[in-house]
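Tertiary structure, described
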Amino acid sequence: MTKETEIRYDDVYREHLEAVNEPAHWAYMSGVLIASFVLMVLLIALLGTGAGG
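Residues numbered from 1 in each chain as written. Predicted model: local features only at pLDDT ≥ 70, side-chain atom pairs only at ≥ 80, totals over all residues. Heavy atoms only, no water.

1. Brief notes about the overall build of the chain
Along its length, the chain carries 2 helices and 0 strands. Burial analysis of the chain (53 residues in total) assigns 0% to the buried set. Surface exposure of the chain reaches about 5,300 Å², of which carbon and sulfur atoms provide 67%. (Helix = DSSP H or I, 4+ residues; strand = E, 2+ residues; numbered from the N terminus. Buried < 20%, exposed > 50% of the residue type's maximum accessible area, 1.4 Å probe, protein only. Areas by Shrake-Rupley, 256 points an atom, 1.4 Å probe, with all protein chains shown as cover.)

Here it is as structure tokens:
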């Protein structure tokens, strides 16, 4: 068993990486970026329709 004084940064970093589901992480990030882009384009289009007249 490891004592607290023997825990290193690399051990904690490796443990956190093992807890991450990488495909789910990238799917979430891609979804956020795509949804943000679509919403931004829709907002620009909405604002553009009111500027004509």
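Let's pick the thread back up.
2. A short note on the packing of aromatic side chains
If you walk through the whole model with that rule in mind, you get 1 aromatic pair. A centroid spacing of 6.0 Å and a plane angle of 20° characterise the contact between Tyr9 and Tyr13, whose relative ring orientation is stacked. Separated by 4 residues within a single helix, Tyr9 and Tyr13 lie in helix H1 (residues 9-19), roughly one turn from each other. On the basis of relative accessibility, which here comes to 64%, the residue Tyr9 falls in the exposed class. (Phe/Tyr/Trp six-rings, centres within 6.5 Å; stacked < 30°, edge-to-face > 60°.)

3. Section: the pattern of salt bridges
Per the counting criterion, the structure on display carries 2 salt bridges. Arg14 is paired through a salt bridge with Asp11; the nearest N and O atoms lie 3.5 Å apart. One end of the pair is Arg14 and the other is Asp11, both in helix H1 and 3 residues apart, which spans about a single turn. Salt bridges sharing common partners tie together Arg8, Asp11 and Arg14. (Salt bridge = Lys/Arg side-chain N within 4 Å of Asp/Glu carboxyl O.)

4. Quick word on a nonpolar patch on the surface
A cluster of nonpolar side chains, namely Ile34, Phe37, Val38, Leu39, Met40, Val41, Leu42 and Ile44, defines an oily patch on the protein surface of about 790 Å² accessible area. Locating Val41 in the fold gives a position in helix H2 (residues 22-49). (Patch = residues over 30% accessible without salt bridge, like charges linked within 9 Å, V, L, I, M, F, W, Y side chains within 5 Å.)

5. Comments concerning H2
If you check H2, its first and last C-alpha atoms are 41 Å apart, about what 28 residues at 1.5 Å a residue would give, namely 40 Å. The buried fraction of H2 is low, at 0 of 28 residues. (Expected span 1.5 Å × (residues − 1).)

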